[in-house]
Amino acid sequence: KWHPHKEVVTACLDGKTSRIGYAGLRERAARVTSVLRDLGVKQGDRVATLCWNTQAHMECWYAVMGMGAICHTLNPRLTSEQLAWMLGQSEASILIISGDLQPLATAIVEQAPGVRKVLLIDQTETDALDTAGLPSAQILEEVLPDGSPSEAWGEFPETAPCGLCFTSGTT
């Protein structure tokens, strides 16, 4: 609203840099919200992310929180056992992952039967979607055009929970 042309800059795994203004990021995040709604996510549901700090992850944060769902960020430096336990505790059924974290995500999903859908972000040309062990896996970028750029956000109390993270015990 106030700085639509300020940029989010992401250093990509392939050495390139991507840039997007906040207005464009908001539109893409609204499309992610639409995709999540189509998957049955509603206010109060938990959506887990196992991602690096990138534009696509930021779009997912806004998409999840903007619709009144709860974004459960997972630390990719923890073990699959720890992360699977966290997923079980949060009851997240959607897991969004960065492309290079597919092996870890596969190990987590094997131990977290509540995960019914995996969405892949930050895919590079070398990150082919490995659907073995990942239930109903899809590349988010492929279904994003189906999402509406005009999703309504904020139709919930401002005191509604929006984020969830477990400590690794280092704080």
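This text follows the structure it describes.
Note that the structure is predicted; figures quoted are calculated from it, not measured. (Residues numbered from 1 in each chain as written. Predicted model: local features only at pLDDT ≥ 70, side-chain atom pairs only at ≥ 80, totals over all residues. Heavy atoms only, no water.)

### Quick look at the pattern of salt bridges
Then comes step 1: This model, assessed by the stated rule, comprises 7 salt bridges.
Then comes step 2: Between Arg37 and Glu151 there is a salt bridge whose closest N-O contact spans 2.5 Å. Of the two residues, Arg37 is situated in helix 1 (residues 22-38) and Glu151 in the loop between helix 5 (140-143) and strand 8 (163-164); the sequence distance between them amounts to 114 residues.
Then comes step 3: In this structure, the salt-bridge partner of Glu91 is Arg46, at a minimum N-O distance of 3.1 Å. Pair noted here: Glu91 is in the loop between helix 3 (80-90) and strand 5 (94-98) and Arg46 is in strand 3 (residues 46-50), with a separation of 45 residues, a long-range link.
Then comes step 4: Taking relative accessible area as the criterion, Glu91 reaches 57% and is therefore assigned exposed. (Salt bridge = Lys/Arg side-chain N within 4 Å of Asp/Glu carboxyl O. Helix = DSSP H or I, 4+ residues; strand = E, 2+ residues; numbered from the N terminus. Buried < 20%, exposed > 50% of the residue type's maximum accessible area, 1.4 Å probe, protein only.)

### Digging into the sheet that holds strand 3
Then comes step 1: Across the sheet, 6 strands lie side by side as 7-6-5-3-4-8; this open sheet has parallel pairing. Strands at the two margins of the open sheet, each flanked by one partner only, are strand 7 (137-139) and strand 8.
Then comes step 2: Pairing of strand 6 (residues 117-121) with strand 7 involves 3 bridges; the strand directions are parallel. Residue pairing in the sheet places Val118 in a bridge with Ala137 of strand 7.
Then comes step 3: Lying over the sheet, helix 2 (residues 55-66) contacts strand 3, strand 4 (70-73), strand 5 and strand 6, oriented at roughly 145° with respect to strand 4.
Then comes step 4: Here helix 4 (residues 102-111) sits on the sheet in contact with strand 3, strand 5 and strand 6, set at roughly 155° to strand 5. (Pairing = 2+ DSSP bridges. Contact = heavy atoms within 4.5 Å. Axes fitted to C-alpha atoms, helices over the stretch in contact; angles between N-to-C directions.)

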